[in-house]
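Listed below, chain by chain, are the residues.
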Amino acid sequence: MTGKLSRTETAPVRDSAVPMVKAEGVHKSFGPVEVLKGIDLEVRQGEVFCLIGPSGSGKSTFLRCINHLEKINAGRLYVDGELVGYRQKGDKLYELKDSEVALKRRDIGMVFQRFNLFPHMTALENVMEAPVQVKGVSKAQARERARGLLERVGLGDKAGNYPSQLSGGQQQRVAIARALAMEPKLMLFDEPTSALDPELVGDVLDVMRDLAESGMTMVVVTHEMGFAREVGDSLVFMDDGVVVESGNPRDVLTDPQHERTKAFLSKVL
Ligand SMILES: Nc1ncnc2c1ncn2[C@@H]1O[C@H](COP(=O)(O)OP(=O)(O)OP(=O)(O)O)[C@@H](O)[C@H]1O
Ligand SMILES: [Mg+2]
């Protein structure tokens, strides 16, 4: 990502009019394979933004770009008004150091399909870990906060359980609590329920619904069309590295305008 930007274009502005995520012509390739072919979208503060599309369309890659886990090859990507991975000085862009990127990544919580909890730590210890290790929060304070977060995700009575002693749905709720412990301003979910047995999905979606109601900005890659319809503020259908169609979830799901969207929805609905 290179090119000159004017000062006004990139100056960080802090008000609710600034989108939480703004993508302009985002391109990403792995070697010769172009996976994102110019993504333009905007996620407003407090919005629940759902992303759907076939396997391999680039959904996870796009989430990883937002979280600075992947570098983009062209275009511009902003989180809360700041360029992802770059700083501007005068007219020039400078790549941020790894330590600076890590600092920014703290503001963004990510929940994956696989929960990736530390197996040798209890639920409580998993939730306490990052605030203590990364933010230098005192153990007592982190413990108290972790207890509150486990309560919030309905696992107040499981604080002492190890991941192997929890169901998949419970582990995923611990993973959500763990992400929230860092007090993120944006939460990214990558198919958080698709590895779960059907009877465990509902509890995880309930936690996400509660989080949405609390005003958290969320970008959710999901196959749960019911969730997208009820909780989503916006829905984007991606295919083959481009945004094919976007809009109000209820409109897109009930009256898709593009053939590719229709074909996809006819398979999943
Ligand atoms: N690190 C990588 N190196 C090379 N190719 C990659 C890498 N990560 C992803 N890809 C390729 O990029 C394309 C998009 O992958 P991505 O994981 O973003 O798709 P997705 O929409 O999340 O799919 P799914 O629904 O299966 O999770 C795929 O063709 C994938 O093989
Ligand atoms: Mg994926």
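Scroll up to find the structure this text is about.
In this text the structure is predicted, and so the values were computed from the model without any measurement.

### Topic: the sheet that holds strand 4 (residues 74–79)
Here comes step 1: Within the open sheet, the four strands sit side by side as 2-1-4-5. Their pairing is antiparallel. Looking at which strands have only one partner, the edges of the open sheet turn out to be strand 2 (33–43) and strand 5 (82–83).
Here comes step 2: Pairing between strand 1 (residues 21–30) and strand 4: five bridges, direction antiparallel. Bridge pairing in strand 4 places A23 opposite L77.
Here comes step 3: Here helix 2 (residues 59–66) sits on the sheet in contact with strand 1, strand 2 and strand 4, set at roughly 60° to strand 2.

### Quick look at unusual backbone geometry
Here comes step 1: With a phi close to 50°, D80 is a non-glycine residue in the positive phi region.
Here comes step 2: Tracing the chain through its elements places D80 in the loop between strand 4 and strand 5.
Here comes step 3: Backbone geometry places N116, a non-glycine residue, at a positive phi of 50°.
Here comes step 4: Take N116: it is sitting in the loop between strand 8 (108–111) and helix 4 (123–135).

### With respect to the site of ligand 1
Here comes step 1: Taken together, F30, V35, P54, S55, G56, S57, G58, K59, S60, T61 and E191 form the complete shell of residues around ligand 1.
Here comes step 2: S57 is positioned with one of its backbone polar atoms (N or O) 3.2 Å from an oxygen atom of ligand 1.
Here comes step 3: Counting residues per element, the shell around ligand 1 draws most heavily on helix 2, at three residues.
Here comes step 4: For the shell around ligand 1, the class distribution of residues is three nonpolar, six polar and two charged.

### So, the sheet that holds strand 10 (residues 217–221)
Here comes step 1: Pairing in this open sheet of six strands is mixed, and the strands run 8-9-10-3-11-12 from one edge to the other. Either end of the sheet is taken by a strand with one partner, and the two such strands are strand 8 and strand 12 (242–247). Pairwise comparison of adjacent strand axes, ignoring direction, gives a mean angle of 20° for this sheet.
Here comes step 2: The pairing of strand 8 with strand 9 (residues 186–190) spans four bridges and is parallel. Following the sheet pairing, G109 is matched in strand 9 by M187.
Here comes step 3: Across the sheet, helix 6 (residues 168–180) lies against strand 8 and strand 9, angled at about 170° from strand 8, the strand it touches most.

### Remarks on the pairing of strand 3 (residues 48–52)
Here comes step 1: By the criterion of burial, strand 3 is predominantly enclosed, with five of the five residues buried.
Here comes step 2: A two-sided burial pattern is seen for strand 3, the buried positions comprising V48, C50 and I52 on one face and F49 and L51 on the other.
Here comes step 3: The pairing of strand 3 with strand 10 spans four bridges and is parallel. Residue L51 lies in a different strand from strand 10, and its bridge partner there is V221.
Here comes step 4: Across four bridges, the pairing between strand 3 and strand 11 (residues 234–239) is parallel. Bridged to I52 within strand 11 is F237.

### A few points about the environment of A179
Here comes step 1: Structurally, A179 is set in helix 6.
Here comes step 2: Through-space distance from the C-alpha of A179 to that of I108 is 8.3 Å; in sequence the pair is 71 residues apart.
Here comes step 3: Non-local contacts of A179, meaning those with residues more than four positions away in its chain, are made with G109, M110, V111, P184 and M187.

### Digging into the packing of aromatic side chains
When we look at a pair of aromatic rings, we describe it by the centre distance and by the angle of the planes.
Here comes step 1: Counted under the stated rule, the structure contains one aromatic pair.
Here comes step 2: Judged by centre distance (5.2 Å) and plane angle (35°), the rings of F237 and F264 are tilted. One end of the pair, F237, is in strand 11; the other, F264, is in helix 10 (residues 259–268), with 27 residues separating them in the sequence.
Here comes step 3: The buried category is assigned to F264, whose relative accessible area is 10%.

Here is what the cut-offs are and how they apply
Counting of residues starts from 1 at the beginning of each chain's written sequence and follows it residue by residue. Here chains are named by letter from A upward and ligands by number from 1 upward, in the order in which they appear as written. Selection of residues for local features in this predicted model requires a pLDDT of at least 70, selection of side-chain atom pairs for listing and counting requires 80 or more, and totals for whole chains, interfaces and linings are taken over all residues. No hydrogens and no water enter the side-chain calculation; it runs on all heavy atoms of the structure. DSSP bridges decide pairing: two strands pair if at least two such bridges lie between them. Helix and strand definitions here come from DSSP, where helices need a minimum of 4 consecutive H or I residues and strands a minimum of 2 consecutive E residues; each element is numbered from the N-terminal end. Working rule for contacts: check all heavy atoms of both residues, and any pair within 4.5 Å makes them a contact. Angles shown run from 0 to 180 degrees and are taken between the N-to-C directions of axes, each axis being a line fitted to C-alpha atoms and, for helices, limited to the stretch in contact. We define proximity as follows: a residue is near a molecule or strand when any one of its heavy atoms falls within 4 Å of that partner. Polar contacts here mean pairs of N or O atoms no more than 3.5 Å apart (in protein, one a potential hydrogen donor and the other a potential acceptor; neighbouring residues in sequence count only if both atoms are side-chain atoms). We call Asp, Glu, Lys and Arg charged. Ala, Val, Leu, Ile, Met, Phe, Trp, Tyr, Cys and Pro are nonpolar, and the rest, Gly among them, are polar. Exposed residues in this analysis have more than 50% of their type's maximum accessible area, buried residues have under 20%, and partly exposed residues fall in between, with area computed by a 1.4 Å probe over protein chains only. Each aromatic pair joins two rings of Phe, Tyr and Trp (for Trp, the six-membered one) with centres within 6.5 Å, and gets the label stacked for planes under 30 degrees apart, edge-to-face for over 60, and tilted for any other angle.

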